[in-house]
Amino acid sequence: MTRFFIFFMVMFVCAQFLPAEELRRYPDIYQSDTDGDFPISNEDFSHGYILSFDADDIVTNCNFEGTTIEMARFSCDKNCNLKDTWVLNGTIDLAQEQWVQTRNFKMKRFKEIVFHKNIFRNLDFSDFKFEHSGFYDVQFVNCNFENAVFQCCTMPVMSVENWKQTWNYRNGALHTLRIKQDFNNIDLSRCAISGFVWNNNTTTAGIRTPSPSIGKGVDLTDTVFFLCDLRKSKDLTPEQVRQTWNFKNGRMDLVQWPVHIVKSLDLPRYLSPNKWKFQDEYFEIWNLEQMKDLDERFRANILFMGLSSGKVYQTDLSKMLFFHCAFVFLMKETDISDAVFLDCDLTAPPDLTLEQVKSTWNYKAGRMSLCKWPKHIEKALEEEEKAKAQEEKK
């Protein structure tokens, strides 16, 4: 066992520095081309595991069949074989014919992969899951995105028809996406929209980029915006803004609005994301005094926390926005009316009532799937739905 381990480690270390022509001799160990200083051509990398593959020049006529590639950064010509290749993460420039050969495409899952200058035509992306991925200068022509899920992604510019096909649109879950396109004549009511994409544990703000431009004919009834830069939305009207959750609940400070909207509605100063504090782990609150201080500490009502106590708090959390929070305290005396819960865990409080839940934005907007609820609440909601169905039959 010890000899095998030593041999494996020696092979692992050596593989980091082997030239491409030598890598094919060790198909079952970690392989890598880390410097990318020389062309790679006519090599057989099939059925191996490549820890990192970084090539400056276009890789030509190589065989990657059945290989797993991690930390990838290279381009392939059309003579490369990508059949059943599993790309764990990275940036790879492939033709459409090669992408559809990969195991990622067959398994309908792309994670931590950057697509760059691709044109996809007549492809079925239904039920695909894209996680922590980016799309830059990517076009989709006559493609199907039925029930496709995007999580923590920099989104491509898509047609209205494609947007409406996605799971995100149907569930109003646009809050972990970086969206860079203009929206006109589309129903975005009851959606949660953020101007940031989030890191792997979804608790830290990512790099700031322009948010979507909201134009004419967009329904924003009870839409939730936070950390958004909407200054380019020159056609956005005061009437549209008045319909948002932000306006109705006095949370206009969570968005950077166009100048004409600021003047028309006499809005408060926008809370710069640079001043917001985000926790990589849950921030624990142990007493009511800490709870009262949260507004000042976090500069806004987005809280990352875990409340731990056996006490019953008479706490006003109404009209707040919670993102990626966990609540583990008794809540029957807590006011959560018109509060927004996104990617939160509320399964712990045993005393949370159905009446409290019905007072939230999630229930009123029909976005209960954006939060985890206690089992007794889920059961009560199921019974309520069954009762409604029986009434409709009468």
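Residues numbered from 1 in each chain as written. Predicted model: local features only at pLDDT ≥ 70, side-chain atom pairs only at ≥ 80, totals over all residues. Heavy atoms only, no water.

(A) Inspection of the overall build of the chain at higher detail. A tally of regular secondary structure across the chain gives 14 helices and 27 strands. Looking at the chain alone, contacts between residues at least 24 apart form 30% of all its contacts between residues at least 6 apart. In the form shown here, the chain has an accessible surface area of approximately 19300 Å², with 50% of it arising from carbon and sulfur atoms. (Helix = DSSP H or I, 4+ residues; strand = E, 2+ residues; numbered from the N terminus. Contact = heavy atoms within 4.5 Å. Areas by Shrake-Rupley, 256 points an atom, 1.4 Å probe, with all protein chains shown as cover.)

(B) Here's a closer look at the confidence of the model for the chain. Considering every residue of the chain, the mean pLDDT works out to 81; 76% of them sit at 70 or more. Across residues 199-207 the pLDDT falls below 50, and counting only partners more than four positions away or on other chains, this stretch makes 30 contacts in the model. (pLDDT = per-residue confidence, 0-100.)

(C) Structural detail: the sheet that holds strand β10 (residues 129-131). A sheet is described by the order of its strands in space; here three strands give the open sequence β7-β10-β13, paired in parallel fashion. Edge strands, defined here as strands with exactly one partner in the open sheet, are β7 (109-111) and β13 (149-151). The sheet shows a mean angle of 5° between the axes of neighbouring strands, taken without regard to direction. Relative to β10, β7 runs parallel, the two being bridged by three bridges. Each bridged residue has a counterpart across the sheet, and for Lys 111 the counterpart in β10 is Glu 131. (Pairing = 2+ DSSP bridges. Axes fitted to C-alpha atoms, helices over the stretch in contact; angles between N-to-C directions.)

(D) Examining the nonpolar core more closely. The biggest cluster of nonpolar side chains holds 76 residues, and the ones touching the most others in it are Phe 53, Val 59, Phe 64, Phe 74, Phe 125, Leu 188 and Trp 257. By residue number, the principal contributor to this core is strand β18 (residues 224-226), which donates three residues. Beyond its immediate sequence surroundings of up to four residues, Val 59 is in contact with Ile 40, Phe 53, Phe 64, Phe 74, Ser 75, Cys 76, Asp 77 and Cys 80. Of all hydrophobic cores here, the second largest spans 20 residues; its members include Phe 329, Met 331, Phe 341 and Ile 377. (Core = buried A, V, L, I, M, F, W, Y, C linked by side-chain atoms within 4.5 Å. Buried < 20%, exposed > 50% of the residue type's maximum accessible area, 1.4 Å probe, protein only.)

(E) Geometry of helix α14 (residues 375-393). Here α14 spans 27 Å end to end across 19 residues, near enough to the 27 Å set by a 1.5 Å rise per residue. Within α14 the residues assigned to the buried category are Ile 377, Leu 381 and Glu 384. Taken around the axis of α14, the buried residues stretch over an arc of 60°, which confines them to a single face. Summarising the geometry of α14, the exposed residues directed more than 90 degrees from the buried face are Lys 375, Lys 379, Lys 386, Gln 390 and Lys 393. (Expected span 1.5 Å × (residues − 1). Arc of directions from axis to C-beta.)

(F) Structural view of the pairing of strand β8 (residues 113-116). In β8, alternate side chains face the same way, and those of Ile 113 and Phe 115 are buried while those of Val 114 and His 116 on the opposite face are not. Pairing geometry for β8 and strand β11 (residues 134-136), over three bridges, is parallel. Following the sheet pairing, Phe 115 is matched in β11 by Phe 135.

(G) How the structure looks around empty space enclosed by the protein. Within the structure shown, the criterion is met by one cavity of 30 Å³ or more. Approximately 40 Å³ is the volume found for the largest cavity. Gln 96, Trp 99, Val 100, Phe 105, Phe 110, Phe 115, Phe 120, Leu 123 and Phe 125 together form the lining of the largest cavity. Classifying every residue of the lining of the largest cavity gives eight nonpolar, one polar and no charged. (1 Å grid on protein atoms, 1.4 Å probe; cavity = no way out; pocket = protein on both sides within 12 Å on 5 of 7 lines; lining within 4 Å. Points joined across faces, edges and corners; volume = space filled by probe spheres on them. Nonpolar A, V, L, I, M, F, W, Y, C, P; charged D, E, K, R; others polar.)

(H) Just the pattern of salt bridges, in detail. If you walk through the whole model with that rule in mind, you get eleven salt bridges. Salt-bridge contacts for Lys 248 lead to Asp 222; the nearest nitrogen and oxygen are separated by 2.9 Å. Of the two residues, Lys 248 sits in helix α8 (residues 245-248) while Asp 222 sits in the loop between β17 (213-214) and β18, which places them 26 residues apart along the sequence. Note on Lys 248: relative accessible area 41%, which makes it partly exposed. Salt bridges sharing common partners tie together Asp 54, Asp 56 and Arg 73. (Salt bridge = Lys/Arg side-chain N within 4 Å of Asp/Glu carboxyl O.)

(I) Representation of the side chain of Thr 67. Structurally, Thr 67 can be placed in the loop between β2 (49-54) and β3 (68-69). A distance of 2.3 Å separates a polar atom in the side chain of Thr 67 from the backbone oxygen of Phe 45. One polar contact links the side chain of Thr 67 to the main-chain amide nitrogen of His 47, over a distance of 2.9 Å. The residues contacting Thr 67, other than those within four sequence positions of it, are Phe 45, Ser 46, His 47, Gly 48, Tyr 49, Ile 50, Asp 84, Thr 85 and Trp 86. (Polar contact = N/O pair within 3.5 Å; in protein donor to acceptor, adjacent residues only side chain to side chain.)

(J) A look at the sheet that holds strand β16 (residues 192-194). Across the sheet, three strands lie side by side as β14-β16-β18; this open sheet has parallel pairing. The open sheet terminates on both sides in strands that have one partner only, identified here as β14 (173-174) and β18. In terms of strand pairing, β14 meets β16 through two bridges, oriented parallel. Each residue of the ladder has a partner; that of Ala 173, found in β16, is Ala 192.

(K) The packing of aromatic side chains, seen in detail. Scanning the model with the defined rule gives 35 aromatic pairs in all. With a centroid separation of 5.1 Å and an interplanar angle of 45°, the aromatic rings of Trp 99 and Phe 115 are classed as tilted. Of this pair, Trp 99 sits in helix α3 (residues 96-99) while Phe 115 sits in strand β8, placing them 16 residues apart in sequence. The same class applies to Trp 99 as to Phe 115, namely buried. (Phe/Tyr/Trp six-rings, centres within 6.5 Å; stacked < 30°, edge-to-face > 60°.)

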